[in-house]
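Secondary and tertiary structure notes
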Amino acid sequence: MLNPRPIATAATPAPGARALYLGAGQHKRVTCTDEALVVTNARAQTWRYPLDRVARVVSSTATDWSGAALALCLRRGIGIAWLDPRGAALGVCYPQARSATASAAALEIMVETPEGVERYRHWQRARRMDVLMRWSAGREAGIAPAEWEAAKRQWVYAGEYPVHLPAGLRGHCLASIGSALARHALPPALWGPKAQRIDLDEDLCELLWAEMNLCAGNLADAAEGDRPLAEWFERWAARNAAALHAHLYSLERTALKALAT
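Calculation rules
- Residues numbered from 1 in each chain as written.
- Predicted model: local features only at pLDDT ≥ 70, side-chain atom pairs only at ≥ 80, totals over all residues.
- Heavy atoms only, no water.
- Helix = DSSP H or I, 4+ residues; strand = E, 2+ residues; numbered from the N terminus.
- Contact = heavy atoms within 4.5 Å.
- Areas by Shrake-Rupley, 256 points an atom, 1.4 Å probe, with all protein chains shown as cover.
- Phe/Tyr/Trp six-rings, centres within 6.5 Å; stacked < 30°, edge-to-face > 60°.
- Buried < 20%, exposed > 50% of the residue type's maximum accessible area, 1.4 Å probe, protein only.
- Lys NZ or Arg CZ within 6 Å of the ring centre and 35° of its normal.
- Salt bridge = Lys/Arg side-chain N within 4 Å of Asp/Glu carboxyl O.
- Pairing = 2+ DSSP bridges.
- Axes fitted to C-alpha atoms, helices over the stretch in contact; angles between N-to-C directions.
- Core = buried A, V, L, I, M, F, W, Y, C linked by side-chain atoms within 4.5 Å.
- Parallel < 35°, antiparallel > 145°, perpendicular 65-115°, else oblique.
- Left-handed = near helix turned anticlockwise from the far one by under 90°.
- Nonpolar A, V, L, I, M, F, W, Y, C, P; charged D, E, K, R; others polar.
- Expected span 1.5 Å × (residues − 1).

1. Side note on the overall build of the chain
Broken down by element type, the chain carries eight helices and ten strands. Considering only residue pairs separated by 6 or more positions, the chain has 66% of its internal contacts joining residues 24 or more positions apart. Here the chain has roughly 13,200 Å² of accessible surface; of this, 55% comes from carbon and sulfur atoms.

Following this line, the structure appears as structure tokens:
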């Protein structure tokens, strides 16, 4: 998680971009320069965040954005998610993909037919199984066959799973999905043969959210407030970054194979 840096402090490039969290603790306003977001709080204290250090932004509704700052983020491919006071995601602002990719085109073509939608649903079940296998591998005491079959029926086929983590963490999941979709140049939503909406971002979010609840234990159960939740999520995301990209690469392969057949 980014730590604010006062404007007066000399810029020190960070080794990699990170999430910028603008919590609901106090009112803020976001403006910008050509290369940085400028955040000012109610006491007129100001911080500067160079864009090359910002991977994505998670903003509360207590933060006012200038149009220039929003446009700058979108031009630089930085997604912005807004969370309500309870931590639920209100929505995500996605950058417009600069160029069409073969994967995105193949995915959109695939779901234009009922057979393609069924391929997509099969991909969902396969990725749920992948999550379940990681859950099984992390159980030191092992899993009894009956427990495994029950978990498979509940999660892989019914899409249901026990939720025990703070609800605010799901908003952080959705915010990270927006950034990943932008990097892969994939749309957040697809349209089926009867113009039915397929929410790719929500489907990916469910995979992450389920894995967090199944595999994270109770480490985050007691986390309260914007900053503790954000810090816990960033630690979890750093340890499990490969999982989300594995889901996306699997979907891209599925779509490209469908296009080739």
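2. Let's talk about the packing of aromatic side chains
The final tally for this structure, using the stated rule, is four aromatic pairs. Each ring, one from W65 and one from W82, has its centre 6.3 Å from the other, and the planes form 70°; the classification is edge-to-face. With W65 in strand β6 (residues 63-65) and W82 in strand β7 (residues 80-83), this pair connects stretches of sequence that are 17 residues apart. In this structure W65 comes out as buried when scored by relative accessible area, which is 14%. Exposure remark for W82: the relative accessible area of 22% places this residue in the partly exposed category. Over the ring of W155 we find R128, and its NZ or CZ is 5.4 Å from the ring centre.

3. Regarding the pattern of salt bridges
Using the criterion set out here, one finds 13 salt bridges in the structure. It is possible to trace a salt-bridge network through shared partners that takes in R127, D130, R134 and E211.

4. Topic: unusual backbone geometry
Even without being glycine, A44 reaches a positive phi, approximately 65°. Structurally, A44 is set in the loop between β3 (36-41) and β4 (46-50).

5. Details of the environment of R119
Inspection of the secondary structure assignment puts R119 in helix α3 (residues 114-137). Separated by 135 residues in sequence, R119 and T254 place their C-alpha atoms 7.8 Å apart.

6. Some remarks on the sheet that holds β6
Spatially, β4-β3-β2-β6 is the arrangement adopted by the four strands of the open sheet, whose pairing is mixed. In this open sheet, the two strands that pair with only one neighbour each are β4 and β6. For this sheet the average axis-to-axis angle between neighbouring strands, irrespective of direction, equals 25°. Bridge count for strand β2 (residues 28-32) against β3 is five bridges, and the pairing is antiparallel. In the strand pairing of β3, C32 is matched with L37.

7. Things to note about the nonpolar core
Taken as a class, soluble globular proteins show a tendency for nonpolar side chains to be buried jointly. Membership of the largest hydrophobic core comes to 54 residues, with the highest contact counts inside it found for L107, Y120, W155, L169, L204 and M212. With nine residues, helix α6 (residues 200-215) is the single largest residue contributor to this core. Residues contacting L204, with those up to four places away along its chain left out, are W123, I177, L181, L244, H247 and L248. Residues V30, L37, V39 and C73 belong to the second largest nonpolar core, which totals 15 residues.

8. What about the packing of helix α5 (residues 168-184) against α6?
A pair of packed helices is characterised by two quantities: the angle between their axes and the separation of those axes. Viewed as axis vectors pointing N to C, α5 and α6 meet at an angle of 130°, and their least axial separation amounts to 9 Å. Compared by their axis directions, α5 and α6 come out oblique. At the point where α5 passes α6, the crossing takes the right-handed sense. Of the residues in α6, those in contact with L169, R170, C173, L174, S176, I177 and L181 of α5 are L200, D201, E202, L204, C205, E206, L208, W209 and M212. Broken down by class, the residue content of the contact of α5 with α6 amounts to eleven nonpolar, one polar and four charged.

9. Side note on α3
Every α-helix carries 3.6 residues per turn, so stepping three or four residues along brings you back to the same face. A rise of 1.5 Å per residue sets the reference length of α3, with its 24 residues, at 34 Å; its end C-alpha atoms lie 35 Å apart and thus fit the reference within 8%. Along α3, the residues classified as buried are G116, V117, Y120, W123, Q124, R127, R128, V131, L132 and W135. Elements in contact with the buried residues of α3: α2 (102-110), α4 (145-157), β9 (189-191), β10 (197-199), α6 and α8 (241-260).

10. Details of the sheet that holds strand β5 (residues 54-60)
The strand order across the open sheet formed by four strands is β1-β5-β7-β8, and the pairing between neighbours is mixed. The sheet terminates laterally at β1 (18-22) and β8 (89-93), the two strands that pair on one side only. The average angle at which neighbouring strand axes cross in this sheet is 20°, direction not considered. Bridging between β5 and β7 involves four bridges; their strand directions are parallel. Within β7, the position partnered with V57 by the bridge is I80.

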